[in-house]
Amino acid sequence: MDRNTINIEKDISIDEFQAQVDDVLIRHRSILDIITKLDEYTARINRAVIKSATYCGCIEIHATKQDYNRDSLEEIKNNMDDHIKGKLCPSCKEILHEEMGAYIFYLSALANTLDIKVSDAILNEYKNIKTLGIFSLK
Ligand SMILES: [Zn+2]
């Protein structure tokens, strides 16, 4: 990859991505196909995470009860556990990149079908979490 290729990849906008999705989507143009493809890729993402633990072993999942018995939301936030031990290996990370990319493709396709700009949805969400901060309670 040359330097220009890298810059183009880093500088792609969400709107450009969404337009490109519209240009290439042929087979799964029906909203029924798009919605079921979104479901499929949600399952594939979850499966890839689980296989990282059960097949590869680069991560382990140790779920326990979360501790909400704290004085402030800040303290609760700082003591929440993601229940993951370890880090994804490059191979598992690559698989998740592919699955998440496909998910984003079909999410963009759904947005195109319903005349919604993904960038507007992201911006609205960003404004909400920026305004509410820790009180967004997500
Ligand atoms: Zn792995």
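All values reported here derive from a predicted model rather than from experimental measurement.

About the thresholds
Residues numbered from 1 in each chain as written. Predicted model: local features only at pLDDT ≥ 70, side-chain atom pairs only at ≥ 80, totals over all residues. Heavy atoms only, no water. Donors = N, O, S within 2.8 Å, 3.2 Å for Na, K, Ca; no water. Tetrahedral: all angles 85-135°; square planar, octahedral: opposite > 155°, others 65-115°. Helix = DSSP H or I, 4+ residues; strand = E, 2+ residues; numbered from the N terminus. Patch = residues over 30% accessible without salt bridge, like charges linked within 9 Å, V, L, I, M, F, W, Y side chains within 5 Å. Areas by Shrake-Rupley, 256 points an atom, 1.4 Å probe, with all protein chains shown as cover. Salt bridge = Lys/Arg side-chain N within 4 Å of Asp/Glu carboxyl O. Phe/Tyr/Trp six-rings, centres within 6.5 Å; stacked < 30°, edge-to-face > 60°. Buried < 20%, exposed > 50% of the residue type's maximum accessible area, 1.4 Å probe, protein only. Core = buried A, V, L, I, M, F, W, Y, C linked by side-chain atoms within 4.5 Å. Contact = heavy atoms within 4.5 Å.

(A) Just the coordination of the zinc ion, in detail. Surrounding the zinc ion are the protein donor atoms C56 (SG), C58 (SG), C89 (SG) and C92 (SG), which sit 2.3 Å from the metal. Taken together, the four donor atoms coordinating the zinc ion span angles of 105 to 118 degrees at the metal, a pattern that classifies the geometry as tetrahedral. All donors to the zinc ion come from one chain, and their sequence spacing reads C-x1-C-x30-C-x2-C. Residue C56 is located in helix α3 (residues 31-56), and its partner C89 is located in the loop between β2 (84-86) and α5 (90-113); the two are separated by 33 residues in the primary sequence.

(B) The arrangement of a nonpolar patch on the surface in detail. A cluster of nonpolar side chains, namely I31, L32, I35, L114 and I116, defines an oily patch on the protein surface of about 440 Å² accessible area. Following the sequence through the fold, L114 ends up in the loop between α5 and α6 (118-132).

(C) View of the packing of aromatic side chains. For the structure on display, the rule yields two aromatic pairs. With a centroid separation of 5.8 Å and an interplanar angle of 20 degrees, the aromatic rings of Y41 and Y106 are classed as stacked. Of this pair, Y41 sits in helix α3 while Y106 sits in helix α5, and the two are 65 residues apart along the sequence. Neither Y41 nor Y106 differs from the other in exposure class; each is buried. Seen in terms of ring centroids, F105 and Y106 are 5.0 Å apart; in terms of plane orientation they differ by 80 degrees. Their pairing is edge-to-face. For the residue pair F105 and Y106, the accessibility class agrees, reading buried in each case. Through successive ring pairs, a cluster of aromatic residues spans Y41, F105 and Y106.

(D) Just the nonpolar core, in detail. With ten residues, the main nonpolar core is built from V21, L25, I34, L38, Y41, A102, F105, Y106, A109 and L110. Only α3 and α5 provide two or more residues apiece to this core. With five residues, α5 is the single largest residue contributor to this core. In contact with L38, other than residues within four places in its own chain, are Y103, Y106, L107 and L110.

What is shown is where atoms sit, not what they do.
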